[in-house]
Amino acid sequence: MSATTFDAAAAARRWRPPPLIASPLLRYAVYLGALAYALLALGSIEVNWTRAAEGLDRAAAFLSGFFPPDFVTKWEDIQEGLLESVTMTIVSTAAGILLSLPIALGAARNLAPLPVYLFCRAIIAISRTFQEVIIAIIFVAMVGFGPLAGMLTLAFATLGFMAKLLAEDIEDIERAQAEAVRATGAGWFSWIAWSVLPQVKPRLIGLSAYRLDINFRESAVLGLVGAGGIGDTLNTAFDRYEFGTAAAVLLIIIAIVLACEYASGMIRRWVQ
Amino acid sequence: MAVINRPGQPPLWKRRSTVQDLLVWLGWLAAVALTVACFQFISERTIWAFVWDAPRQGADLVGRMFPPAWGYADQLWKPLWDTINIATLGTALAVLLGVPLAFLAAHNTTPSVVFVRPLALFIIVASRSINSLIWALILVIILGPGVLAGILAIALRSLGFIGKLLYEAIEEIDRTQVEALESTGANPAQVLSWAIVPQVMPAFAGITVFRWDINIREATVLGLVGAGGIGMQLEASINTLAWPQVTTIFLLILATVAVSEWLSARVRHAII
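Residues numbered from 1 in each chain as written. Chains lettered and ligands numbered in written order. Predicted model: local features only at pLDDT ≥ 70, side-chain atom pairs only at ≥ 80, totals over all residues.

1. A look at the overall build of chain B
- Within chain B, the secondary structure is distributed over eleven helices and two strands.
- Along chain B, helices and strands appear, N-terminal first, in the series β-β-α-α-α-α-α-α-α-α-α-α-α.
- Relative to its length of 272 residues, chain B is extended, with a C-alpha radius of gyration of 27 Å against a globular reference of 19 Å.
- With the principal axes as the frame, chain B shows a C-alpha extent of 75 × 70 × 35 Å.
- Going through the 272 residues of chain B one by one, you find that 38% of them count as buried. (Helix = DSSP H or I, 4+ residues; strand = E, 2+ residues; numbered from the N terminus. Rg over C-alpha atoms; globule rule 2.2 N^0.38 Å. Buried ≥ 20, exposed ≤ 12 C-beta atoms within 10 Å, placed from the backbone.)

Shown next, in the form of structure tokens:
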């Protein structure tokens, strides 16, 4: 039997939690790299401080636009912009969801053969890579200024978003149910309708509500490149230095986004 | 499940009662009618002659866009570096501001549920409802065009995103670890750093990398309103109808987004 002796070395060694990156070499490399990058990046920023200082007056003018915001003077324009945004949101969400259903079925590896799978995944990748505003530029060039370009943009973006998330959900379905329906001799459409659809329906409804919310938010910026909506009104207000109207538009956007977010959260909780 | 009892016949099983069936159909009818009405609204604001011309315009556009102006790429490295800096520094700034905000907003760490929490939640919501392009529009008016406006726009938008997801993660932590530390007599700061922070660390890293990936995408278009990065070159090329240059920019954006997506997927995979 050995008596427990006081180990000074062990007592001096304080316990520390394991670091996030286990390998010390990699850890210090990441730290050094981050430091070097930060120095390089900060060094390459050119800031015109005199211009920024002059901007303080404008910042004050902009902030005073909020006290009180001017809803009245340009109410007609605001109303038109809002109606465009809302109609764009609704039509593009509906069209995007309808188009995304076949793509989602094709992009699920457990349903589709490889060529169809690759084709559908390629469509999803194209739709998701570019920012909505860039797609809007192309649609504006093709179909002209106005809400139709915005609607097409949002429908295209909805297509990629819905198809990707839905395809992932279809790949995760319970195989037993699908096999049970198939064993009854069901055809392909009955099989999809009675074994796949019921399993992904809660997610489909939840994602649709979420996308409706996103589409409204995005519709507020598409106006900057001429694709209609409330962003158009906002941009015009900024161009004319009508900060009161701009503040009113911003407040309306925040209010609608809040209402949308709350409603879509309610729908998702109710379904799931 | 509804059962319809018919005299002299076995009962009929249906998924919904007749009234429920009718209500579901009415719901669908209303949704379709709303969508059609909205489309009608958009259609009235569309010059259809331009739209029917779109395939020809599209073919014409593609004809002008190819071959890409490869030589132009030499002028794009600096704007691309700026774009990456806008996204990265913007994310870093958002982390610096968003992490304290998340701890102030989370139910279990906030110093005051009545006073501090609603304020923190309001900042998070206001930041999230306004798109980074609109933040950029406002900041360019105040600070003048340049990279600084872009960094701040990205930071202001990401602040709410990081704050929201992180405070939700903080609220979902395992209470028992906190209790274990409290029972050893740890003070609140020790509980925070030894029980709460280690639990939310993986979520925090995942959220940050995810947002950085989104920000790379957003930063490519901030230049359209003058907030620096490759979008400035895009705007200039579109305004001068230099479509081969636009193609080069698109390809460069495509490559950057693909790399950032791959990188963020790798990091998230390693963490979670």
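2. A word on the environment of Gly144(B)
- Looking at the secondary structure, you find Gly144(B) in the loop between helix 6 (132-143) and helix 7 (147-171).
- Separated by 82 residues in sequence, Gly144(B) and Gly226(B) place their C-alpha atoms 8.2 Å apart.
- Apart from the residues within four sequence positions on either side, Gly144(B) is in contact with Asn48(A), Arg51(A), Ala52(A) and Gly55(A). (Contact = placed C-beta atoms within 7 Å.)

3. What about unusual backbone geometry?
Residue and element names in this part refer to chain B.
- Phi angles above zero are rare outside glycine, and Leu241 is one such case at about 55°.
- Here Leu241 lies in the loop between helix 10 (230-239) and helix 11 (243-271).
- A tally of 10 C-beta atoms within 10 Å means that Leu241 is categorised as exposed.

4. Topic: the interface of chain A and chain B
- Chain A puts 45 residues into the contact, and the matching count from chain B is 47 residues.
- If you list the elements that add at least two residues to the side of chain A that touches chain B, you get helix 3 (49-64), helix 4 (75-106), helix 6 (132-143), helix 7 (147-171), helix 9 (188-222), helix 10 (230-239) and helix 11 (243-271) of chain A.
- Residues belonging to the side of chain A that touches chain B are distributed by class as follows: 33 nonpolar, eight polar and four charged. (Nonpolar A, V, L, I, M, F, W, Y, C, P; charged D, E, K, R; others polar.)

5. Describing the packing of helix 11 of chain A against helix 5 (residues 116-129) of chain B
- It is at 9 Å that the axes of helix 11 of chain A and helix 5 of chain B come closest, and there the two elements cross at 105°. In terms of orientation, helix 11 of chain A lies roughly perpendicular with respect to helix 5 of chain B. Contact residues: helix 11 of chain A offers Ile253(A), Ile254(A), Val257(A) and Leu258(A), while helix 5 of chain B offers Val125(B), Ala126(B) and Ser129(B).
- Taken together, the residues of the contact of helix 11 of chain A with helix 5 of chain B sort by class into six nonpolar, one polar and no charged. (Axes fitted to C-alpha atoms, helices over the stretch in contact; angles between N-to-C directions. Parallel < 35°, antiparallel > 145°, perpendicular 65-115°, else oblique.)

6. Quick look at the domain arrangement of chain B
- Domains assigned within chain B are domain 1 (2-46) and domain 2 (71-271).
- The distance between the C-alpha centroids of domain 1 of chain B and domain 2 of chain B comes to 44 Å. (Domains from an automatic or database assignment.)

7. Topic: the nonpolar core
- Core analysis: the largest hydrophobic core is formed by 131 residues, its most contacted members being Ala136(B) and Leu139(B).
- With 16 residues, helix 7 of chain A is the largest single contributor of residues to this core.
- Residue-level mapping places this core at the junction of two domains, with at least three residues from each of domain 1 (2-46) and domain 2 (71-271) of chain B.
- Look past the residues within four positions of Ala136(B) in its chain and what remains in contact with it is Ala149(B), Gly150(B), Ala153(B), Leu222(B), Val225(B) and Ala227(B). (Core = buried A, V, L, I, M, F, W, Y, C linked by C-beta atoms within 7 Å.)

8. Notes on helix 3 of chain A
- Helix length check: helix 3 of chain A (16 residues) gives 23 Å between terminal C-alpha atoms against 22 Å at 1.5 Å per residue, within 8%.
- Counting buried positions along helix 3 of chain A gives zero out of 16 residues, so the element sits mostly on the surface. (Expected span 1.5 Å × (residues − 1).)

9. Digging into the confidence of the model for chain B
Residue and element names in this part refer to chain B.
- Across chain B, the average pLDDT comes to 86, with 99% of residues at or above 70.
- Here strand 1 (residues 2-4) stands out as the least confident element of chain B, with mean pLDDT 73; helix 4 (residues 77-105) is the most confident, with 91.
- Under the prediction, the complex receives an ipTM of 0.77, its pTM being 0.80. (pLDDT = per-residue confidence, 0-100.)

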